[in-house]
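# Observations on the model geometry
Read off the chains here:
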Amino acid sequence: MNRQEDGVLLKNKPDNTAFTQQRLPAWQPIMSAGYVLPTFLLLGLAFIGIGLGLLFSSNSVIELELDYTGNLPNSSCYPCTNTTIKGCKCNVQFKVDTLLVGPVFMYYELSNFYQNQRKYGVSRDDDQLNGDLQYLKNPSEYCFPFRRDSKGRPIAPCGAIANSMFNDSFVVYKMNDNGTRTKVLLNAKGISWWTDYNVKFNNPPTDNGTDLQEVFKGTVKPINWPRPAYELDTNPANNGFINEDFIVWMRTAALPNFRKLYRRVEGGLQRGNYTVEISYTPRLPGD
């Protein structure tokens, strides 16, 4: 808006209102001891109450931690540290002394694994992971050197994060008094963030009756994967890029020691003895 004032053309002059000229009424409190001290006292009491609630809630959590790295010769998993053994399995026993009401959350933990390393953290193609057919066959340069294989074929999913996916597997058994064992039902549904599963990760569209394998035709699996993405699960709702184990791994950790959710035990765990059967996968250097 142009305004003519005293013969001078003024450009972009704001309106002469209380809002644009900053003449609105304002209140400036007087910081006297009579106001400040009671305010801090009430805030302190409120935060003490919140802290006590969090402390009691934290103390009510029962945690069992099992180490299966097999570093010691007397460990049942020690033979599996030999990387020449393929498909090695080992068992770790544990005891539950009190009823664990479901859901019970089962995590795996890694130490000295730097998912926060800069080049590692950007080594992915979010457009490819979102199901874009263009980037399925032409991955981002950020995925290098896990962008294409030695024959020039595109890798799906590409990048260092996907290539180093954690793939040990666990089966939990309840040991019965008569010497038999009962398999504990582990739920793999709902272990990833809702936004990741429903927004960020999608499989390429399968139009005209084509299956997921046909869509991935022309691509190859990551180098360290035992099988391609379209064979991660027999359940179509948990296969390919929307496999929840894969999605959980792709959400990188901020610290070198971290835990990631593996399964949920919806029915909880009764008191008694249990065995975890571990299908051991050789560790990457630095794990």
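Rules of the game
- Once a new chain begins, its residue numbering starts again from 1 and follows that chain's sequence as written.
- Totals for whole chains, interfaces and linings use all residues, but because this is a predicted model, local features are given only for residues with pLDDT of at least 70 and pairs of side-chain atoms are given and counted only at 80 or more.
- As a rule here, side-chain values cover all heavy atoms of the structure and leave hydrogens and water aside.
- Per the convention used, a helix needs a DSSP run of H or I reaching at least four residues, while a strand needs a run of E reaching at least two, with both numbered from the N terminus.
- Using C-alpha atoms as the atom set, the radius of gyration is obtained and then compared with a globule rule of 2.2 Å times the number of residues to the power 0.38.
- Type-normalised accessible area, obtained with a 1.4 Å probe on protein chains alone, sets the label of each residue: buried when under 20%, exposed when over 50%, and partly exposed for intermediate values.
- Contacts are residue-level and defined by heavy atoms, with any inter-residue pair within 4.5 Å sufficient.
- Computed with the Shrake-Rupley method and a 1.4 Å probe, the accessible areas treat only the protein chains shown as cover for residues.
- Side-chain rings of Phe, Tyr and Trp, where Trp is taken by its six-membered ring, are said to pair if the distance between their centres is within 6.5 Å; with planes under 30 degrees apart they count as stacked, over 60 as edge-to-face, and otherwise as tilted.
- Cation placement over rings: the criterion is NZ of Lys or CZ of Arg within 6 Å of the ring centroid and within 35° of the ring normal.
- Cysteine sulfur atoms that come within 2.5 Å of each other are treated as a disulfide pair.
- Two strands qualify as a pair provided DSSP detects at least 2 bridges between them.
- Axis geometry follows a simple rule: fit a line to the C-alpha atoms, using only the stretch in contact for helices, then measure angles between N-to-C directions, giving values from 0 to 180 degrees.
- Among buried residues, those of type Ala, Val, Leu, Ile, Met, Phe, Trp, Tyr and Cys that are joined through side-chain atoms within 4.5 Å constitute a nonpolar core.
- Counted as positive: Lys and Arg. Counted as negative: Asp and Glu, with His and the chain ends omitted from the count.
- Think of a salt bridge as a Lys or Arg side-chain nitrogen and an Asp or Glu carboxyl oxygen that are within 4 Å of each other.
- Residues adjacent in sequence count toward polar contacts only when both atoms are side-chain atoms; beyond that, a polar contact is any pair of N or O atoms within 3.5 Å, and within protein one must be able to donate a hydrogen and the other to accept it.
- Here a patch means residues that are over 30% exposed by relative accessible area and free of salt bridges, tied together within 9 Å if like-charged and within 5 Å if nonpolar (Val, Leu, Ile, Met, Phe, Trp, Tyr).

### With respect to the overall build of the protein
- Within the protein one finds eight helices and eight strands.
- Taken over the C-alpha trace, the protein has a radius of gyration of 28 Å; the compact-globule value for 287 residues is 19 Å, which it surpasses by more than 25%.
- When the backbone C-alpha atoms are referred to their principal axes, the protein occupies close to 95 × 60 × 40 Å.
- Taking all 287 residues of the protein together, 33% fall into the buried category.
- When contacts within the protein are restricted to residue pairs at least 6 apart in sequence, those whose partners lie at least 24 apart make up 69%.
- A total accessible area of about 18,900 Å² is found for the protein, and carbon and sulfur atoms account for 56% of it.

### A short note on the packing of aromatic side chains
- Tallied over the full model, the rule gives 16 aromatic pairs.
- Relative to Tyr230, the ring of Phe216 has its centre 5.9 Å away and its plane inclined at 50 degrees; by these criteria the two rings are tilted. Taken together, the residues Phe216 in the loop between helix H7 (212–215) and helix H8 (244–250) and Tyr230 in the loop between H7 and H8 connect sequence positions 14 residues apart.
- Here Phe216 falls in the buried class, since its relative accessible area comes to 2%.
- Linked through ring pairs, Tyr68, Tyr108, Phe166, Phe170, Tyr262 and Tyr280 together constitute an aromatic cluster.
- Across the ring face of Trp193, the terminal group of Arg251 is positioned such that the distance to the ring centre comes to 3.7 Å.
- Taking NZ or CZ as reference, Arg263 lies 4.1 Å from the ring centre of Tyr262, over its face.

### Let's talk about the state of the cysteines
- A full pass over the atoms with the stated rule returns three disulfides.
- Paired through a disulfide, Cys80 and Cys88 show a sulfur-sulfur distance of 1.9 Å. Here the S-S torsion is close to -70 degrees, and the disulfide linking Cys80 with Cys88 is therefore left-handed. Judged on exposure class, the residue Cys80 and its partner Cys88 are both buried.
- One disulfide bridge connects Cys143 with Cys158, the sulfur atoms lying 2.0 Å from each other. Separated by 15 residues along the polypeptide, Cys143 in the loop between helix H4 (133–137) and helix H5 (160–163) and Cys158 in the loop between H4 and H5 bring together distant segments of the chain.
- Of the residues examined, Cys143 reaches a relative accessible area of 0% and is grouped as buried.
- Each disulfide in the protein links cysteines that, numbered along the sequence, combine into the pattern 1-4, 2-3, 5-6.

### Quick look at the sheet that holds strand E8 (residues 272–279)
- Strand order in this open sheet of four strands is E3-E8-E5-E6, and the pairing throughout is antiparallel. Of all strands in the sheet, those with a lone pairing partner are strand E3 (89–96) and strand E6 (181–183), marking the two edges. Strand-to-strand twist in this sheet, taken as the mean axis angle between neighbours without regard to direction, amounts to 30 degrees.
- Summarising the sheet, strand E5 (residues 169–175) and E6 pair through three bridges and their orientation is antiparallel. Across the sheet, residue Lys174 finds its bridge partner in E6, namely Thr182.

### Thoughts on the nonpolar core
- Ranked by size, the top nonpolar core spans 52 residues in total, and within it Phe170, Phe246, Trp249 and Ile278 carry the most contacts.
- Of all the secondary-structure elements, those providing two or more residues to this core are E3, strand E4 (104–110), H5, E5, H7, H8, strand E7 (258–265) and E8.
- With five residues, H8 is the largest single contributor of residues to this core.
- With residues near it in sequence (within four places) discarded, Phe246 still touches Leu129, Pro157, Ala162, Met165, Phe201, Trp225, Leu232, Gly240 and Phe241.

### A word on the side chain of Lys260
- Residue position: Lys260 is located in strand E7.
- One buried charged residue, Lys260, forms no salt bridge at all, with the nearest opposite charge on Asp196 at 8.8 Å.
- Here Gln115 takes part through its side chain, which lies 3.4 Å from a polar atom of the side chain of Lys260.
- Aside from chain neighbours lying at most four places away, what touches Lys260 is Met106, Tyr107, Tyr108, Gln115, Val248, Trp249, Arg251, Thr252 and Ala253.

### Here we look at a nonpolar patch on the surface
- A contiguous nonpolar patch, built from Leu41, Leu42, Leu45, Ile48, Leu52, Leu55 and Phe56 and spanning about 730 Å² of accessible area, is present on the exposed surface.
- Residue position: Leu42 is located in helix H1 (residues 33–59).

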